[in-house]
Amino acid sequence: MFKRTIKEAFRWSTKWYFGSITTSAGTFFLMEKYFEFERLRSIKYGVTIFIFTFLIKVIIQYLKEIDKLESKIDIKDEKIDTLNTRQNKQELVKNYNYYGETILLLKDSFSYIHKVRRGDNITPEQLSKVFIGVCNKLKHIFEKRLDYTYSVCIKVLTENGGELNEYVEIKTLCRDENSYFNRKNCKQVVHKIVDNTCFNEILYNIDMPNKAFYLNNNLPNDKYYKNSSFLNYGTVPEQADSIERQKFWTLPYKSEIVVPIAPTLNSDNDRKKEFYGYLCVDCDEENGFHKKYDSGMIQGVADGLSDLIKIWKQQKN
């Protein structure tokens, strides 16, 4: 803008002072004619007048340019405000529709969970149908929002002499149907809480429901992330930087959310007694989860599953 101001001021000055012979002569020989100064001295005064008026024109032109710029900014701000309002409203409507549909889909799942839970003679077949149905429903819910691939599974704690600690082994009870067929050929690996960041953090915070969940939207960028599934898919070089970790990442998912299968509220403030496992959702892309809403949504599902997992464990024993 300043460069444009200088050019405009110079263009005006040259046009004004050198546009005609009369103006030029009057400017540079004014002092000689009216005050009888020497010609050289008169020319010097003329040059001074030229420079002074040029600077005045620069200031005036610069102020005009600022006014024009402010006017353009105001117009753009009005357009941006209108656009933002319109986009925000559309985004709000989309989000409202998505979470509204989510509530309806979850309602069906919870209805079936409660129906089975209230039954007198609950069969293993009924439990299996609920567990697989919940995994399928959650996968469907997440994939309605983004064009990513999600996988859902229920993992349970194995018996460890009645003591719950970080060395307890984790077993996969079921997966959504698509994930089951995609991952069923993985070799048998012993998965312990201590070897997995998500399971370990949840165990550490299990008595604090508002903190007892794990959400990571960029697993390749987390150099401290531990997962025993690397034994199936291959490990990432320890010295790899963030770019290399992205390149050599082996797991079939890049973001995940994990919550404990346990009642959200416990009567004796000891959730460990009714902590049965983990509900896990992973995504093949980064930023697959909403930090505020998704954890709360599946925590509610995991709470509903806890009674049925308890019944399943009793039947299994």
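Since this is a predicted model, take the numbers as computed values, not measurements.

Attention now goes to the pattern of salt bridges. Per the counting criterion, the structure on display carries four salt bridges. Between D294 and R145 there is a salt bridge; the shortest N-O distance is 2.7 Å. Taken together, the residues D294 in helix α10 (residues 293-316) and R145 in helix α5 (residues 124-145) connect sequence positions 149 residues apart. With a shortest N-O distance of 3.3 Å, E169 and K171 are connected by a salt bridge. By relative accessible area, K171 is classed as partly exposed at 40%.

Now for the nonpolar core. Ranked by internal contacts, the top residues of the largest apolar core, which has 35 residues, are F131, L138, I154, L279, I298 and L305. Elements with a contribution of two residues or more to this core: α4 (39-117), α5, β1 (150-157), β5 (255-261), β6 (277-283) and α10. The element contributing the most residues to this core is α10, with nine residues. Residues contacting I298, with those up to four places away along its chain left out, are L138, F142, I257, V259, L279 and V281. One finds C198, I206, L219 and A262 within the second-largest nonpolar core, a separate group that totals 24 residues.

What follows deals with the pairing of strand β2 (residues 169-175). Two elements, β1 and β2, share five bridges in a ladder whose sense is antiparallel. Residue pairing across strands places V156 opposite K171, the latter belonging to β2. Of the strand pairs in this sheet, β2 and strand β3 (residues 191-192) are connected by two bridges, and their pairing is antiparallel. Directly across from I170, in β3, lies its bridge partner H191.

Counted residue by residue, β5 has seven buried out of seven residues, so it is predominantly covered. Judged from the three bridges that link them, strand β4 (residues 214-216) and β5 form a sheet pairing that is antiparallel. Residue pairing for β5: Y214 is matched across the bridge by V258.

What counts, and where the lines are drawn
Residues numbered from 1 in each chain as written. Predicted model: local features only at pLDDT ≥ 70, side-chain atom pairs only at ≥ 80, totals over all residues. Heavy atoms only, no water. Salt bridge = Lys/Arg side-chain N within 4 Å of Asp/Glu carboxyl O. Helix = DSSP H or I, 4+ residues; strand = E, 2+ residues; numbered from the N terminus. Buried < 20%, exposed > 50% of the residue type's maximum accessible area, 1.4 Å probe, protein only. Core = buried A, V, L, I, M, F, W, Y, C linked by side-chain atoms within 4.5 Å. Contact = heavy atoms within 4.5 Å. Pairing = 2+ DSSP bridges.

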